[in-house]
2 protein chains.
Amino acid sequence: MTEPAFIAALRALAQDPAARGLDDDVAVIDLGGESLILTHDMMVEGIHWLPEQDPADVAWKLVATNLSDLAAKGAQPLGVLLGYGLGGGEARFLAGLEEVLHAFAVPLLGGDTVRRGASATHGLTALGRATHRPVPSRKGARAGDTLWVTGTLGAAMLGFEALKEGQKGSESPEIAAFTRPVPRLAEGRALAPHVTAMMDVSDGLLLDATRLARASGITLAVDSSACPFPASLSPERRRAALSWGDDYELLFTLPAGQTPPVPAACIGKALPPGPAPLLLDGQAPVGVLGYEHG
Amino acid sequence: MTEPAFIAALRALAQDPAARGLDDDVAVIDLGGESLILTHDMMVEGIHWLPEQDPADVAWKLVATNLSDLAAKGAQPLGVLLGYGLGGGEARFLAGLEEVLHAFAVPLLGGDTVRRGASATHGLTALGRATHRPVPSRKGARAGDTLWVTGTLGAAMLGFEALKEGQKGSESPEIAAFTRPVPRLAEGRALAPHVTAMMDVSDGLLLDATRLARASGITLAVDSSACPFPASLSPERRRAALSWGDDYELLFTLPAGQTPPVPAACIGKALPPGPAPLLLDGQAPVGVLGYEHG
């Protein structure tokens, strides 16, 4: 069985595809007058982090990426459960875990520790409550909406490249963008009442925008000259930055004429569905759009 | 940093030890007039299952063991999130997953898939809602209470041994007890309004009873001749069965004179705290009490 077939089968097994997700999305459950948001991500040594990376950064990223999923739902985090593979680096992991929980005022609720196999695998489940209903999803964008993104795109890519080149000692903002992403929790809550669709950019703007367009049944037209990049990104790397994930910014659509309540760049608009879900400067983009899971 | 020190540090990081747990316990969160129960377990190839085992059984056990944690809280399952390490056996895993979700009417809500490292690691988060409050915990046993256990102890041990000896084709009830444990969900809900303390027996009766005794600040006196064993267990294996986990029965205490609303065996009583948290036939047990995580 191929990996895409397995993921498709899991999605089919999830009974209510509108409210639940596998791999990219989060679960939304209505209970007791609240909407609960649940998300679970795993990280594997050698795949999601470099073996030489500080385990404190691994802990930070494990928590921060799940909180970013909550941010995209406008949710207030209630806590996390940790699944930890024991076998080395525990003291540094713990230091990073304490930092990230404190930074975002999120309690550790429980979890599990197991002896790791040949490589370490950790998992994290984050629980939140929606602060606005309906809970923002990828599905609500309509033709005529404007497309926006918070922050900049590409700093995490530069940080990853600096780390690979061994600039470990460096404390550059780019390395921090890769190792210590900051989930846009406050922005997500501020945006939730206004957006027609929202998601976080974890796998690359072009890929994630394609997913939003497909889920909403529209075409998104992205204007690359309007995309926000860090000053340290050279112009020839801009296309690469558009298909690199890990910045954990929020991508969202607003009804035409509205402006967002938080700083963000307007990078395009939603069109009626066309032959391609995504247009980059008027054309279907060629090449890699982002990081495909599997 | 040693593994026990790491686990102790994680426990300390969990801000409210009364309501939350690491490794053995579950999280209880009050929200919107409901008490949510959350539990997360990981399973690692070669540690929690034999590499030659059917992935369908791995899927069953991953879900069933988490549901057993919900059962011990008298909770109604609301759904699960799966963290799956891709790399082989997906079709059989999916078949088992579908079976177990159907068997216990639990929806798959979401999760994550990642490429596995050298050995497979899967995680599962289960969410439930309490059907009775206060939610049963390990802490409530009082001197004078009687101690009870559902089902029998030792079938999973016999099944594991049969599997190790290569009786794979066999469909014995013992092998099924090991590969396809049945969480006591209905029993847990029926018991929740009556028990003073409750937990599931996942790591061995003697070890889990010791934990319950410690959490409640009492001594538990277990009478081995009253313990329920499967007919296929020879008398000389009874002591081993008392320190073998994986049966996923419910261990609970009742006020003196009360009888449980579900079939169960009275196996002892709670005494004022003494020098040992556990007495087996009047003496502190020697040797292995159960499976210690780490």
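Residues numbered from 1 in each chain as written. Chains lettered and ligands numbered in written order. Predicted model: local features only at pLDDT ≥ 70, side-chain atom pairs only at ≥ 80, totals over all residues. Heavy atoms only, no water.

### A word on the sheet that holds strand β12 (residues 278–280) of chain A
Strand-to-strand pairing in sheets goes through backbone hydrogen bonds, with the strands running parallel or antiparallel.
Residue and element names in this part refer to chain A.
Alright, step 1. An order of β8-β10-β7-β11-β9-β12 is seen for the 6 strands of this open sheet, with the pairing classed as mixed. Only two strands of the sheet have a single partner each, and these edge strands are β8 (197–201) and β12. When the angles between neighbouring strand axes are averaged without regard to direction, this sheet yields 25°.
Alright, step 2. As judged from the 4 bridges shared by strand β7 (residues 146–149) and strand β11 (residues 265–271), these two strands associate in the antiparallel manner. Within the sheet, the bridge partner assigned to Leu147 lies in β11 and is Gly268.
Alright, step 3. Packed on one face of the sheet, helix α7 (residues 205–216) meets β8, β9 (219–222), β10 (249–254), β11 and β12 and runs near 155° to β8. (Pairing = 2+ DSSP bridges. Helix = DSSP H or I, 4+ residues; strand = E, 2+ residues; numbered from the N terminus. Axes fitted to C-alpha atoms, helices over the stretch in contact; angles between N-to-C directions. Contact = heavy atoms within 4.5 Å.)

### Remarks on the relation of the copies chain B and chain A
What connects the two chain copies is a rotation about an axis and a shift along it.
Alright, step 1. For the pair chain B and chain A, the best superposition has an RMSD of 0.0 Å and corresponds to a rotation of 180° with a translation of 0.0 Å parallel to the axis. Given the turn and translation reported, the copies of this chain are related as if by a two-fold rotation axis.
Alright, step 2. Interface residue correspondence from chain B to chain A reaches 100%, placing this contact among same-surface, isologous pairings. (Least-squares fit on C-alpha atoms with pLDDT ≥ 70 in both.)

### A closer look at the nonpolar core
Alright, step 1. Leu82, Phe93, Leu97, Leu101, Leu108 and Phe252 of chain B are the most contacted members of the largest nonpolar core, which has 45 residues in total.
Alright, step 2. Put simply, the parts of the chain that give this core at least two residues each are α1 (3–13) of chain A together with β3 (34–44), α2 (55–71), β4 (75–86), α3 (90–103), β6 (121–130), α6 (185–191) and β10 (249–254) of chain B.
Alright, step 3. The leading source of residues in this core is α2 of chain B, at 9 residues.
Alright, step 4. Every residue in contact with Leu82 of chain B, bar those within four places of it in the chain, is listed here: Leu10 and His40 of chain A together with Leu62, Phe93, Leu97, Leu108, Gly110, Gly111, Asp112, Gly123 and Leu124 of chain B. (Core = buried A, V, L, I, M, F, W, Y, C linked by side-chain atoms within 4.5 Å. Buried < 20%, exposed > 50% of the residue type's maximum accessible area, 1.4 Å probe, protein only.)

### Points about the sheet that holds strand β11 (residues 265–271) of chain B
Residues and elements named next belong to chain B.
Alright, step 1. One open sheet accounts for 6 strands, arranged β8-β10-β7-β11-β9-β12; its pairing is mixed. In the strand order of this sheet, the two ends are held by β8 (197–201) and β12 (278–280), each with one partner. Strand-to-strand twist across the sheet, computed as the mean angle between neighbouring axes with direction ignored, equals 25°.
Alright, step 2. In this structure, β8 lies alongside β10, joined through 5 bridges in antiparallel fashion. Paired with Val201 across the strands is Glu249, a residue of β10.
Alright, step 3. Together, β8, β9 (219–222), β10, β11 and β12 form the strand contacts of helix α7 (residues 205–216), whose direction differs from that of β8 by roughly 155°.

### What about α7 of chain A?
Residues and elements named next belong to chain A.
Alright, step 1. Here α7 is 12 residues long and its end C-alpha atoms lie 16 Å apart, about the 16 Å a rise of 1.5 Å per residue gives.
Alright, step 2. Among the 12 residues of α7, 10 are classified as buried, and the element is accordingly described as predominantly covered.
Alright, step 3. Buried within α7 are the following residues: Leu205, Leu206, Leu207, Asp208, Ala209, Thr210, Arg211, Leu212, Ala213 and Ser216.
Alright, step 4. Trailing α7 by a residue or two, Gly217 shows a phi angle of about 70°, which is positive. (Expected span 1.5 Å × (residues − 1).)

### Comments concerning the domain arrangement of chain A
Residues and elements named next belong to chain A.
Alright, step 1. When its domains are assigned, chain A resolves into domain 1 (3–130) and domain 2 (146–280).
Alright, step 2. Centre-to-centre, using C-alpha coordinates, domain 1 lies 21 Å away from domain 2.
Alright, step 3. Opposite the 21 residues of domain 1 that make contact, domain 2 presents 23 residues.
Alright, step 4. Taken over both partners, the interface formed by domain 1 and domain 2 buries close to 1900 Å², and the fraction arising from carbon and sulfur atoms is 59%.
Alright, step 5. Summed over the three residues of domain 1 that lose the most area to domain 2, namely Leu50, Lys61 and Ala72, the buried surface amounts to 26% of that side.
Alright, step 6. Counting across the domain 1 and domain 2 interface gives 3 salt bridges.
Alright, step 7. Note that Asp57 and Arg180 form a salt bridge whose closest N and O atoms lie 2.7 Å from each other.
Alright, step 8. If you tally residues by element for the side of domain 1 that touches domain 2, the top one is helix α2 (residues 55–71), at 10 residues.
Alright, step 9. Its residues assigned to classes, the side of domain 1 that touches domain 2 comprises 10 nonpolar, 5 polar and 6 charged. (Domains from an automatic or database assignment. Buried area = accessible area lost by both parts, 1.4 Å probe. Salt bridge = Lys/Arg side-chain N within 4 Å of Asp/Glu carboxyl O. Nonpolar A, V, L, I, M, F, W, Y, C, P; charged D, E, K, R; others polar.)

### What about the interface of chain B and chain A?
How big an interface is tends to be stated in terms of the accessible area lost upon association of its parts.
Alright, step 1. The interface is formed by 62 residues belonging to chain B together with 62 residues belonging to chain A.
Alright, step 2. Each partner contributes to the roughly 5600 Å² buried at the junction of chain B and chain A, and carbon and sulfur atoms together form 71% of this total.
Alright, step 3. Per-residue buried area on chain B facing chain A is highest for Phe6, Met42 and Arg115 of chain B; these three make up 12% of the total on that side.
Alright, step 4. If you look at where chain B meets chain A, you find 5 residue pairs in polar contact (both at pLDDT 80 or more).
Alright, step 5. For the side of chain B that touches chain A, the elements supplying multiple residues, two or more each, are α1 (3–13), β1 (21–22), β2 (27–31), β3, β4, α3, β5 (108–115) and β6 of chain B. (Polar contact = N/O pair within 3.5 Å; in protein donor to acceptor, adjacent residues only side chain to side chain.)

### Observations concerning the UniProt feature "binding site: Mg(2+) 3" (unreviewed entry) in chain A
All names here are of chain A.
Alright, step 1. According to UniProt, the positions carrying the feature "binding site: Mg(2+) 3" (unreviewed entry) are Asp25, Asp69 and Asp200.
Alright, step 2. Relative to the helices and strands, Asp69 is located in helix α2.
Alright, step 3. Using a relative accessible area of 9% as the deciding quantity, one classes Asp69 as buried.
Alright, step 4. Within the structure, Asp69 has its side chain in polar contact with the side chain of Thr39 (distance 3.0 Å).
Alright, step 5. Position of Asp200 relative to the elements: it lies in strand β8.
Alright, step 6. According to the relative accessible area criterion, Asp200 is buried, its value standing at 5%.
Alright, step 7. Setting aside its immediate chain neighbours within four residues, Asp200 contacts Ser68, Asp69, Ala72, Asp208, Tyr248, Glu249 and Leu250.
Alright, step 8. Engagement of the side chain of Asp200 in a polar contact is seen with the side chain of Ser68, the distance being 2.6 Å. (UniProt positions renumbered as here; feature names shortened; annotations may be inferred.)

### Overview of the pattern of salt bridges
Residues and elements named next belong to chain A.
Alright, step 1. The final tally for this structure, using the stated rule, is 24 salt bridges over all chains.
Alright, step 2. We note a salt bridge from Arg211 to Asp203, for which the minimum N-O separation is 2.8 Å. In this structure, Arg211 and Asp203 share a single accessibility class: buried.
Alright, step 3. By sharing partners, the salt bridges in this structure join Asp57, Glu99 and Arg180 into a single network.

### Considerations on the packing of aromatic side chains
Alright, step 1. Inspection of the entire model under this criterion finds 14 aromatic pairs over all chains.
Alright, step 2. Ring plane angle 45° and centroid distance 4.6 Å describe the contact between Phe6 of chain A and Tyr84 of chain B, whose orientation is recorded as tilted. Remark: Tyr84 of chain B occurs in strand β4 and Phe6 of chain A occurs in helix α1; the pair is interchain, linking two chains. With respect to burial, Phe6 of chain A and Tyr84 of chain B carry one shared label: buried.
Alright, step 3. Here the guanidinium or amino end of Lys61 of chain B rests over the ring plane of Phe178 of chain B, the centre of that ring lying 3.6 Å away. (Phe/Tyr/Trp six-rings, centres within 6.5 Å; stacked < 30°, edge-to-face > 60°. Lys NZ or Arg CZ within 6 Å of the ring centre and 35° of its normal.)

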